[in-house]
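# Reading the structure
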Amino acid sequence: MIDNSLVVLNSLSGKKEPFEPLNPGYVGMYVCGPTVYSNIHLGNCRTFISFDLIYRYLKHLGYKVRYVRNITDAGHLENDEDVGEDRIAKKARIEKIEPMEVVQLYTVDFHQILEKFNTLPPGIEPTATGHIIEQIELIKEILEAGFAYEVKGSVYFDVIKYNESHYYGKLSGRKIEELIHNTRSLNTQSDKKNPQDFALWKRAEPQHIMRWPSPWSDGFPGWHLECSAMSTKYLGSPFDIHGGGMDLKFPHHECEIAQTQAIHNHPPVKYWLHANMLTLNGKKMAKSTGNNVLPIDIFTGNNDRFRKPYSPQVIRFFMLQAHYTSILDISQEALDSSEKGYQRLMEALGQLSKVIPGKKAGDFDSDKWLKKCYTAMDDDFNSPLLIAQLFEAVKFINLILHKDHPIDKSQWETLTKMSAVFVHDVLGIAPEEKSSDTKENTLNKTISLLIELRNSARANKDFATSDRIRDQLLEYGIQLKDGKKGTQFKLN
Ligand SMILES: [Zn+2]
């Protein structure tokens, strides 16, 4: 039996609630995955790292977790108001490749980046295009229940009608009157009865390439529908946890609730969890404003935001130093301090295995410490509090190492075993050696050093040395290029 003191912040009630899964011992968790039309950005990574922490801790507590995270490969339009081009079709048009090539390219990128961050893969990773039949069936059921209508081959969810018997807005706290007021001026050319209605099925225009036959038209499903169809298919209804980024609360998650509630007449999800956003230098990260950095460019140092590269493990550690529901700002200073913290923690843990415990106990209550670690994580997965406890352990380990402080066998065993469990299994922090990026970082640093030496040789008019560095590097396949921004290098 699982010792259960876990409480989670349920976005539905806005309160922390005791975590009691619908079937004791089992947890069904669905997390909205990416729309694979571009490289995954760092803010998305934070969401997936947050739910990786949650997944890992639930598993650690002994739950059998079925973790489903989808890939959106159709139906997500540029604008959340059901207008604009399909994001994947647009990218395919611009790049002159097939939509499924876009999907493949960015799905691979998504997996590779998340693997570098040491996140565990979900148990099931369904795609929207792989579940068109299920989505069509769901639309039929919603139509039958009387909460949707068809206009010229498109099917829309009737929000006003739904709201007569249910509460549309219960997750986001929005009121239907405000929504009506705010959307009145938009979509004047739409076929919708009311502007706040949302598409379940859209008839495809002749130029739209991502299209499937349906009873209403050749078209494609609305974005909100896939998550209702796939979560219900793999987790049943209701299920335990639905997660996603804070920005998905409205309209995406609100619409998901309405779709399932409309046919099952009960709420689809027990606990809604939302991960907060990541800002860069105090501002929202967005491609459109240029306030953006790709994960891979941080790992390699190839960006103009940070003066050096940071490993995926340091960035993961940095993210876990904040609670997943708080806004987190990434900056040079913050990453530098996380890097130091990460190294201090890993070094202390590495040294601990070399300590030989004695008979005398030191003044560190390891049982009490362990309890505090669990208390931290049981309080809505409070990783910053857990990390604070890990640093308490680091302090004690350093006392043992440097001041001949005693530690007995039982203290040593608890500390060695449980600090590793919390760092590696629960926080999912891997030692840096495991990562291939570390080698890349080391290479980058070494070349930067050689460039510096070459520059100072040139400044001293020691051209024999500066040419030797350049020529020798070229022989090793590293080409130096002098330009306005200084010397850059490229691996041939
Ligand atoms: Zn979703």
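Residues numbered from 1 in each chain as written. Predicted model: local features only at pLDDT ≥ 70, side-chain atom pairs only at ≥ 80, totals over all residues.

## Observations concerning the overall build of the protein
Put simply, the test is: Helix and strand labels come from DSSP, where a helix needs a run of H or I of at least four residues and a strand needs a run of E of at least two; each type is numbered from the N terminus. Remark: residues whose backbone-derived C-beta atoms lie within 7 Å of one another are considered to be in contact.
When its secondary structure is counted, the protein shows 16 helices and 17 strands. In the protein, of all internal contacts separated by at least 6 residues, the share reaching a separation of at least 24 is 72%.

## Points about the sheet that holds strand β15 (residues 328–330)
Cut-off, in case you're wondering: A pair of strands is labelled paired if DSSP reports no fewer than 2 bridges between them.
Strand order across the open sheet formed by three strands is β14-β13-β15, with mixed pairing between neighbours. Unpaired on one side and paired on the other, β14 (283–284) and β15 mark the two borders of the sheet. In terms of strand pairing, strand β13 (residues 278–280) meets β15 through three bridges, oriented parallel. Residue pairing for β15: T279 is matched across the bridge by D329.

## Here's the deal with the sheet that holds strand β12 (residues 269–275)
The condition is simple: Angles shown run from 0 to 180 degrees and are taken between the N-to-C directions of axes, each axis being a line fitted to C-alpha atoms and, for helices, limited to the stretch in contact.
The strand order β4-β3-β11-β12 describes an open sheet built from four strands, whose pairing is parallel. Here the strands that pair on one side only, and so sit at the sheet edges, are β4 (64–69) and β12. Sheet twist, expressed as the average angle between the axes of neighbouring strands with direction ignored, equals 20°. The pairing of strand β3 (residues 26–31) with strand β11 (residues 239–245) spans three bridges and is parallel. Paired with Y30 across the bridge in β11 is H242. Packed onto the sheet, helix α1 (residues 42–60) meets β3, β4, β11 and β12 and runs at close to 135° relative to β12.

## Details of the domain arrangement of the protein
How we decide: Each domain's extent is set by a domain assignment, obtained either automatically or from a database.
Annotation of the protein at the domain level lists domain 1 (7–275), domain 2 (288–433) and domain 3 (435–491). The gap between the C-alpha centroids of domain 1 and domain 3 is 49 Å.

## Considering the pairing of strand β2 (residues 15–18)
Pairing geometry for strand β1 (residues 7–10) and β2, over four bridges, is antiparallel. Looking across to β2, one finds that N10 is bridged to K15. The antiparallel hairpin formed by β1 and β2 contains four residues in its connecting segment, where G14 sits at a positive phi of about 75°.

## Topic: the nonpolar core
General note: in soluble globular proteins, nonpolar side chains tend to be found buried as a group. Our working definition: In this usage, the nonpolar core is the set of buried Ala, Val, Leu, Ile, Met, Phe, Trp, Tyr and Cys residues whose C-beta atoms join them within 7 Å. Here a residue counts as buried when 20 or more other C-beta atoms sit within 10 Å of its C-beta, as exposed when there are 12 or fewer, and as partly exposed otherwise, the C-beta atoms being derived from the backbone.
I139, I142, A148, F157 and L200 are the most contacted members of the largest nonpolar core, which totals 113 residues. The residue makeup of this core includes at least three contributed by each of domain 1 (7–275) and domain 2 (288–433). When residues no more than four places from it in sequence are discounted, the contact partners of A148 are I139, I142, L143, V155, Y156, F157, D158 and L200.

## Observations regarding helix α16 (residues 463–475)
Definition in use: Here the expected span of a helix is defined as 1.5 Å times the quantity of residues minus one.
Between the first and last C-alpha of α16 there are 18 Å, a value that for 13 residues agrees with the 18 Å anticipated at 1.5 Å per step. Backbone geometry just after α16 places G477 at a positive phi near 90°.

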